[in-house]
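# Geometric and topological summary
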Amino acid sequence: MKIKIELLSDLCTASGEAHNSLIDCDVTYDEWGIPYIPAKRLKGCIREAALELVELGLMDAEKYNDLFGVQGNESAAFQLSNARIQDFSKIIEDLRSYKNYEFTNQQNVLQLFTDTRTQTAVNLETGVAEKNSLRTMRVIQKGLIFEADCTLDHEEDATTLSDCVSLVKHIGVSRTRGLGLVNMQLESTKSDKRRHVRVDKSQLQEKNRLHYIIHLNSSMICKSEMGNQAETQDYIPGSKVLGLIAGALGRDAYSQMMKTDDLIVSNAYIMNGAKRCLPCRISLQKIKDQAVDGNGNLLVKDMLYPQAEKNIQMTPIGATYLSPDGVDTAVFTEISYHHQRPQDKSVGRATGKEDGSSFYQLAAIREGQSFSGYIYASCNNAEKILDAVEMLGNIRMGYGRSSEFGDVDFVIDTVDPVKVESKMVKSQVLTLVSDMILYNEYGMPSTELSVLKKYLEEKLQIHDLEIQMAFLQFATIGGYNVTWQARKPIFHALGKGSVMIIHSESGFDRKCLDNLFIGERTAEGYGEIILQDLSESPEVMIKKIGQNLKPEGTKEERKSDVIEHLLEIEFERLLEMDIQNKLSEHSSDFLNVSGEILNASIAKIRLLLKTETSYAGLKEQVEGIVDANKNLLCKKIVEYMVPSEVCEKVCTKMEEQLHLSFTPEWSDEVLYKKIYRIYITELKYRNKTMRGGQV
């Protein structure tokens, strides 16, 4: 299902942010510059409409609580995503094809869908505007249509929800002052069921590693371990995937599976293409102020090795995740601002007072990114997981998943048998892929290397293990258990990215540590490690993702008209620059004449522009000017700026700069009006500047 929203008036969704000094109240928009309506705002409006139905006796209170949930107790049966502009996917596809061009920048795209409105406060006694009260608001243009995907746990509630949705007539801010008038309707859509499993159970063997991918269709909140909603982790913890599996299996089946003690779910880390990236180990450092070379490469040193540079000041490389081929891959996050209205719903805004209202912000992993990890399970458990996950419908994960956040595509796409080959070694580089929780002999959490050494010796069945050249960082572990409705204990653990060399003079079989998780709570993704052979050189090549300036789409391949509109904006910008440059270089013929005559001539042409619809008509009218001096000067001004010549020159310049052919689809009248409006305004400005007047 989806909710269709038609804007019958301009709308301001109030992001809580300002833009430079120009916009005091901005709308919500994504990284591309496309405005959207946050699901939390929509759901709040729908909930208020439902509450009115309850108060009128037209809706049962129990049904109301079931649909919208009860704070801190019951989850909502109605889930809603952000409302996106119609044909959003087509617009994004075009913008992605031309993302490396400056004319597709965020503010240019936003300009296509928004306008600005100004307002001021008026003194009721004097009728004069108050000083310093002028405010500018950005609004989404009326007439646009938005669509928000939504799901219901019980399809029989669709009629009730439809009544609530159609009752909403205003959204956003200043809804009592002409903004935010909408027409909202719930529409049923027929869509194919998402496939969550793409492997055959016949591929399963005794012990298996299932590879899963999570693609974010909306932003996802993964709260920090301290429970701070204003911060988000930059990965999807294995505990969230484990929770998804638990929900799919059911309480009893999940409890039985956990008793086997062979289920492990790794963290999901950012993907670079089809490759799962891993946390960058902290031993990688660069020379201070070292820059990336022309090919986007950065040669760094691994300080694990004695031959690494010791006498030059080194600094961390600043990378968080690296792909297997060494590409520095970042995770993009965002912050959104929200408010909760007072308990007294007659107050239409949060006041910041002790009345139940509040202002807060949420940090989330930005939508459009993909993450991947692994599920380790026996054949029997893997079969149960595949069957349960395949039966799931639309999946939402993380905090705030009933509105705005957590809409994901979850897919188990490959399965590999867990096979370990025996290999005797004396030294290996051990890197912590995830945070590691260790308990000492007294059952207390510990970050001491001696405790890790004991864990490793037990797994390797040796007694002469040495930990050398350890580079460590630490993490704070905590969280909240929803089932118990209680906080988990908070303690320190070894952090992901920590790295060390483990050595045994007698040697050890590395197969004992392959595909192994060390420590406690491994089923939730903690304790994942990776072993690597020692390198002969401390040098490591890090690659920065480069930019391809070649467009990936042609005019014929575009899915929408957004690129054409952006090119028009760029054309107007270059048109104005060309006129300004031309006046700077060659305007002395008529700027050096008497200021009084020039002012009169400019005023005459401005007057003619209001009535003449073509350049030829303007020239004809200028010919008929009686005053000889004014006639001569007006002729020079008009003959100096020929619209067709200016247009051809700017189009050629655009093709040279952008390697894109563009011709404005404007009539001769529109082209003439646009050029002369810029031309006369600039001419008037320069004349006043030269005469020492005020502009």
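Before going into details, it helps to say that this report is about the structure given with it. (Residues numbered from 1 in each chain as written. Predicted model: local features only at pLDDT ≥ 70, side-chain atom pairs only at ≥ 80, totals over all residues. Heavy atoms only, no water.)

## Looking at empty space enclosed by the protein
Defined as follows: Using a 1 Å grid laid over the protein atoms alone, points where a 1.4 Å probe fits but cannot get out form a cavity; open sets with protein on both sides within 12 Å along at least 5 of 7 lines form a pocket; any residue with an atom within 4 Å of a point counts as lining. Grid points are joined across faces, edges and corners, and a volume is the space filled by probe spheres set on the points. Each residue is assigned to one of three groups, with Ala, Val, Leu, Ile, Met, Phe, Trp, Tyr, Cys and Pro labelled nonpolar, Asp, Glu, Lys and Arg labelled charged, and all others, Gly among them, labelled polar.
With the rule as written, the count across this model stands at one cavity of 30 Å³ or more. Roughly 50 Å³ of internal volume is contained in the largest cavity. Within the lining of the largest cavity, the residues separate by chemical class into two nonpolar, four polar and two charged.

## Notes on a positive patch on the surface
Just so we agree on the cut-off: Patch definition: residues above 30% relative accessible area lacking any salt bridge, with like charges linked at up to 9 Å and the nonpolar side chains Val, Leu, Ile, Met, Phe, Trp and Tyr linked at up to 5 Å. Under the convention used here, a 1.4 Å probe and the Shrake-Rupley method define accessible areas, while residue burial counts only the protein chains that appear. The term salt bridge refers to a side-chain nitrogen of Lys or Arg lying within 4 Å of a carboxyl oxygen of Asp or Glu. Only four residue types enter the tally: Lys and Arg on the positive side, Asp and Glu on the negative side, with His and both chain ends excluded. Where a charge lies is defined by one atom per residue type, namely NZ (Lys), CZ (Arg), CG (Asp) and CD (Glu). Every helix listed is a DSSP run of H or I at least four residues long, and every strand listed is a run of E at least two residues long, numbered separately from the N terminus.
Positive charge collects at one region of the surface, where R606, K610, K684 and K688 lie side by side. On the secondary structure map, R606 appears in helix 12 (residues 595–609).

## Regarding the sheet that holds strand 12 (residues 278–279)
Selection criterion: Any two strands are treated as partners once DSSP identifies two or more bridges connecting them.
Ordered by their spatial adjacency, three strands build an open sheet running 12-16-17, and the pairing between neighbours is antiparallel. Looking at strand neighbours, the two that pair on one side only are strand 12 and strand 17 (328–329), the edges of this open sheet. As defined by bridge partners, strand 16 (residues 321–322) adjoins strand 17 across two bridges and the pair is classed as antiparallel. Looking at the pairing, L322 lines up with D328 of strand 17.

## A word on the layout of surface pockets
Taken as a whole, the second largest pocket holds about 960 Å³ of empty space. Along the walls of the second largest pocket sit 42 residues, with L278, V433, I530, L531 and Q532 positioned nearest its centre. Taken together, the elements giving at least two residues each to the lining of the second largest pocket come down to strand 12, strand 20 (370–378), strand 22 (407–417), strand 23 (424–432), strand 32 (529–532) and strand 33 (539–543).

## Here we look at the nonpolar core
Heads up, the condition is: For our purposes a nonpolar core is just a set of buried Ala, Val, Leu, Ile, Met, Phe, Trp, Tyr and Cys residues, chained together by side-chain atoms within 4.5 Å. Buried means the residue's accessible area, taken with a 1.4 Å probe over protein chains only, is under 20% of the maximum for its type, while exposed means over 50%, and partly exposed covers the values in between. Contacts: residue pairs with any heavy atoms within 4.5 Å of one another.
Counting residues in each nonpolar core, the largest one holds 96 residues, and the members touching the most others are I3, I5, I34, I46, F78, M184 and Y676. Top element by residues in this core is helix 10 (residues 562–586). It accounts for 10 residues. Apart from residues lying up to four places away in sequence, I5 is in contact with I37, L42, A83, L144, I145, F146, V182, N183 and M184. If you look at the next biggest cluster of nonpolar residues, it comprises 45 residues, including V265, A382, L392 and M397.

## Comments concerning the packing of helix 6 (residues 238–249) against helix 7 (residues 251–259)
Angle between the axes and distance between the axes are the two parameters that describe a pair of packed helices. The line we're drawing: Comment: axis = line fitted to C-alpha atoms, over the contacting stretch for helices; angle = value between 0 and 180 degrees taken between N-to-C directions. Note on terminology: angles under 35 degrees are roughly parallel, angles over 145 are roughly antiparallel, angles of 65 to 115 are roughly perpendicular, and the others are oblique.
Between helix 6 and helix 7, whose axes approach to 6 Å, the crossing angle comes to 125°. Classified by the interaxial angle, the pair formed by helix 6 and helix 7 is oblique. Where helix 6 approaches helix 7, its residues L242, A246 and L249 are matched on the opposing element by A253, Y254 and M257. Tallied by class, the residues present in the contact of helix 6 with helix 7 amount to six nonpolar, no polar and no charged.

## Digging into the packing of helix 6 against helix 8 (residues 379–390)
Two numbers describe how helix 6 lies on helix 8: the axes approach to 9 Å, and their chain directions differ by 80°. Our classification of the angle between helix 6 and helix 8 gives roughly perpendicular. Across the interface between the two elements, I245, A248 and L249 of helix 6 pack against K384, I385, A388 and V389 of helix 8.

Scope: geometric values only; no functional claims are made or implied.
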